[in-house]
Amino acid sequence: MSELLLEFFSEEIPARMQARAEADLVRLMTEKLSAAGLSPDSLEGFAGPRRLGLVASGLPAQTADVREERKGPRVGAPDKAIEGFLRGAGLESLDQCKVEESKKGSFYVAIIEKPGRKTTEVIAEAVPEIVKSFPWPKSMKFGEGDKAQRWVRPLHRITAVFDGKIVPFKVFGIESGNTTEGHRIHSKGDRVFTVDSFADYAAKLADNGVVLKRADRERQVLNGAKTVCADAQLELVEDEGLLAEVAGLVEHPVPVLGEMDPAFLDLPPEVITLTMKVHQKYFAVRDPKTGKLAPKFVMIANQDAPDGGQAIAAGAARVLSARLSDARHFWDLDRKRGLEAMASELSKVTFHEKLGTVADKVERVAALARELAPVVGADADMAEKAARLCKADLVSQMVYEFPELQGAMGRYYALEAGLDEQIADSIKDHYKPQGPSDAVPTAPVSAAVALADKLDTLVGFWAIDEKPTGSKDPFALRRAALGVVRIVLSLDISFHVSQAFLRAGEVLDEQLNGALSRGNQLFPGNISIELELFFADRLKVHLKDEGVRFDVIDAVFALGDDDLVRVTKKARALQDFLETGDGTALLAGYRRAANILKAEEKKGFDLTAARAEALSEISAAVDASEKAHAPETGEQDEAAILVAVAKTSQATEEKALIAAIEGAETVAQAALAKEDFEGAMRALAGLRAPVDSFFDAVVVNVDNDDKLRRNRLLLLSRIRASVERVADFGKLEG
């Protein structure tokens, strides 16, 4: 078995593209090798600032021989059919075929034998195809004629070594070889050297100042940065995104601790850290004693400086000071202008051409936040005020420079203006949660504004038919819906999503002078229905980590309950119940009853007519005490039917089941009224034994007694209805 080493050496590859390029190269090469019948023991990619490559181990020297038998036309078939068959099989005459007998007659069978190919031939054919079709997010065109390239950056060299020897091919006018080069500064000699294996390649790169693998560079950056901070009794402000980017910028990472002007520490800390990160790729540093930023930073050099990095640090400090001076200028301008003045300019910013300006959106959010305030326990006036200012910082100089600071800067501007801290916090927090690991706003005012903003976004884009499709979700509507789910569940409040959607739709339509409802007679009702289903899917995603099954959530939602908290609690209780022996047995009994009913209904049994017939027969016979037995909730008819069924019961097991249903329903209904879903499940679990006994001892479809048969089918319908008070068990799988 042999090894393939492949490297594309180019000018600097953007750090953000390296991980994806590494994965794409592994995928494309795996596909090419697999198509040729080759399967390496392992295939690993690597990427860095100037190189992209892979190593495939355990490859055979050539592909296996292939023998294929291809069935052709019937003996005696027309000449044209036979000619086409031979042409497709790559054969010249029928002498190269055999005749195979079958029940349907005699057929020609082509024997196609293909000798194995050298693996180097497969590689030499595959690599140019991969290079020319490589899916870079952005690529450059350069060169002319046969040297014209389309690659992320100018490609200088291709190293292709198999079993210690060069795999010969040519692409973009570049001939493959067995040479590469090390670090620009820390390489030995002329930087270029030959390699004959991956081990040789990796060892020589390390000896010439290059850390090859991305994970190793990230580890060196992080550990080195922490070390220089610890030596200065400081603490690194870790940032995974910055760590990955920096590791893609350097081949020889060397952390250097630099100093910044302490005067800049009066800027908001987010401004300082983002200025360092976005413009300079520096890590911020904090004082572990106070938890506040220190006047230091860590930059990652790409070399071992002779003076220990002093000159590099001094130059970095000068550049950082210039950047922070710009930030201070924006900060001063924004504070002078004030948040109220910024809010007045939102009418100049388009939110969406069909949904108006950001000022229009703010009006809608303010109206919704005021109505949602009592639901989340917030002051209505304060919620409305916060909503009117929540987008104001979008027109600030600072957010224009750093879009990541939207909300955060608004909070600072609100505090500068002397506004209540609850309002200031809501301006920052109403965008949350922006990801699965992001915290949700739980303060009442913040929650009211966050819910209002997300509900308006969802209803608005649904109204203009800009819904998520497949993997595409340009307006992050899935994230908005999941945000509503997480906020409501964290607050543990009663929240009917259908009512919220209807009200958000009405507010939007009122603002647009009824334009949407005129164009769609069902607006906003149809939007509410569609969004309920959308939210059911988001709830499934949220509860997936808890192990709550999708079908359980579907079964609970099917009852029409749209209170997210109640649905979630019921789904959790149902999931736990189904994992018990009682739950499994009750589900089996339900299915047996439902399947018998379903089969009989297909044959013509009309459940509604049967109920009406039973009621008609006993309406005069039921005495006052029996009627009084029925609860005063509109269920007297159901109780009467159960009485009728009991009067025709012939089996002890049947009578026992009727009594069990009466008792279980009474307890379950009371438990459901108190939202004691576990109690309702326990009550229904009492049906397990009588249901099993009933089916073991009783024949439902008796042949000689139509009334008895009808009443037993009515009893089955009662079993089904009793269970479906909790959830639609018909939607449960397994």
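Residues numbered from 1 in each chain as written. Predicted model: local features only at pLDDT ≥ 70, side-chain atom pairs only at ≥ 80, totals over all residues. Heavy atoms only, no water.

Caption draft 1: Quick peek at the overall build of the protein chain. Looking only at helices and strands, the protein chain has 29 helices and 20 strands in total. The C-alpha atoms of the protein chain give a radius of gyration of 36 Å, which is well past the 27 Å a tight globule of 734 residues would have. By its C-alpha atoms, the protein chain is 110 × 95 × 55 Å across when sized along the principal axes. In the protein chain, which comprises 734 residues, the proportion classed as buried is 49%. Within the protein chain, counting contacts between residues at least 6 apart in sequence, those at least 24 apart form 67% of the total. Surface exposure of the protein chain reaches about 35100 Å², of which carbon and sulfur atoms provide 49%. Taken together, the 95 basic and 116 acidic charged side chains of the protein chain have centroids lying 3 Å from each other. (Helix = DSSP H or I, 4+ residues; strand = E, 2+ residues; numbered from the N terminus. Rg over C-alpha atoms; globule rule 2.2 N^0.38 Å. Buried < 20%, exposed > 50% of the residue type's maximum accessible area, 1.4 Å probe, protein only. Contact = heavy atoms within 4.5 Å. Areas by Shrake-Rupley, 256 points an atom, 1.4 Å probe, with all protein chains shown as cover. Lys, Arg positive; Asp, Glu negative; His and termini not counted. Charge placed at Lys NZ, Arg CZ, Asp CG, Glu CD.)

Caption draft 2: Broad picture of the packing of aromatic side chains. Tallying each qualifying case throughout the model produces 16 aromatic pairs. An angle of 35° between the planes, with centres 6.1 Å apart, marks the rings of Phe46 and Phe198 as tilted. Separated by 152 residues along the polypeptide, Phe46 in strand β2 (residues 42–47) and Phe198 in helix α4 (residues 198–207) bring together distant segments of the chain. There is no split in this pair, since Phe46 and Phe198 are both buried. In this structure an aromatic cluster arises from ring pairing among Phe8, Phe134, Trp136 and Trp151. Against the face of Phe107 rests Lys71, its NZ or CZ located 4.3 Å from the ring centre. (Phe/Tyr/Trp six-rings, centres within 6.5 Å; stacked < 30°, edge-to-face > 60°. Lys NZ or Arg CZ within 6 Å of the ring centre and 35° of its normal.)

Caption draft 3: Structural detail: unusual backbone geometry. Residue Pro433 follows Lys432 across a cis peptide bond; omega there is -10°. Take Pro433: it is sitting in the loop between α14 (421–429) and α15 (444–463). At Asp163, a position not held by glycine, the phi torsion is positive, near 55°. Along the polypeptide, Asp163 turns up in the loop between β9 (155–162) and β10 (165–166). In this structure Asp163 comes out as exposed when scored by relative accessible area, which is 53%.

Caption draft 4: Inspection of the packing of helix α16 (residues 477–491) against helix α19 (residues 525–543) at higher detail. Put simply, α16 and α19 touch, their axes get as near as 9 Å, and they point 70° apart. Here α19 runs roughly perpendicular to α16, going by the angle between their axes. In terms of crossing hand, the pair formed by α16 and α19 is right-handed. Every residue of α19 that contacts α16 at Leu477, Arg478, Ala481, Leu482, Val484, Val485, Arg486 and Leu489 is listed here: Phe534, Phe535, Arg538, Leu539 and His542. When grouped by side-chain class, the residues that make up the contact of α16 with α19 number nine nonpolar, one polar and three charged. (Axes fitted to C-alpha atoms, helices over the stretch in contact; angles between N-to-C directions. Parallel < 35°, antiparallel > 145°, perpendicular 65-115°, else oblique. Left-handed = near helix turned anticlockwise from the far one by under 90°. Nonpolar A, V, L, I, M, F, W, Y, C, P; charged D, E, K, R; others polar.)

Caption draft 5: Molecular detail of the sheet that holds strand β3 (residues 51–59). Taken together, the five strands give an open sheet; going across it, the order is β2-β3-β1-β9-β10, and neighbouring strands pair in antiparallel fashion. Strands at the two margins of the open sheet, each flanked by one partner only, are β2 and β10. Of the pairings in the sheet, the one linking β2 to β3 comprises six bridges and is antiparallel in character. In the sheet register, Phe46 faces β3, and the bridge partner there is Gly53. Seen against the sheet, α4 touches β1 (2–10), β2 and β3 and runs at an angle of roughly 40° to β1. (Pairing = 2+ DSSP bridges.)

Caption draft 6: Focus on the pattern of salt bridges. According to the stated counting rule, one finds 63 salt bridges in the structure shown. Linking Asp473 and Arg478 is a salt bridge whose minimum nitrogen-to-oxygen distance equals 4.0 Å. It is possible to trace a salt-bridge network through shared partners that takes in Glu7, Arg50, Arg51, Arg157, Glu181, Arg191 and Glu251. (Salt bridge = Lys/Arg side-chain N within 4 Å of Asp/Glu carboxyl O.)

Caption draft 7: The sheet that holds strand β17 (residues 283–286), seen in detail. Sheet architecture is open: four strands sit in the order β15-β17-β18-β16, paired in antiparallel fashion. Lying at the two open borders of the sheet, with one neighbouring strand each, are β15 (235–236) and β16 (254–259). Where β17 and strand β18 (residues 293–301) come together, three bridges link them in antiparallel fashion. Paired with Phe283 across the bridge in β18 is Val298.

Caption draft 8: Molecular detail of helix α17 (residues 497–511). The first and last C-alpha atoms of α17 sit 21 Å apart over 15 residues, in line with the 21 Å expected at 1.5 Å per residue. Listing the buried residues of α17 in full gives Val497, Ser498, Ala500, Phe501, Ala504, Gly505, Val507, Leu508 and Asp509. Among the residues trailing α17, Asn513 stands out with phi positive, at a value near 55°. (Expected span 1.5 Å × (residues − 1).)

Caption draft 9: Quick peek at the nonpolar core. Counting residues in hydrophobic clusters, the biggest one holds 153 residues, and the most contacted among them are Phe495, Phe535 and Leu574. If you tally residues by element for this core, the top one is α15, at twelve residues. If sequence neighbours within four positions are ignored, Phe535 has contacts with Leu458, Ala481, Val484, Val485, Val497, Phe501 and Leu564. By size, the runner-up hydrophobic cluster in this structure holds 36 residues, among which are Ala56, Ile123, Val131 and Trp136. (Core = buried A, V, L, I, M, F, W, Y, C linked by side-chain atoms within 4.5 Å.)

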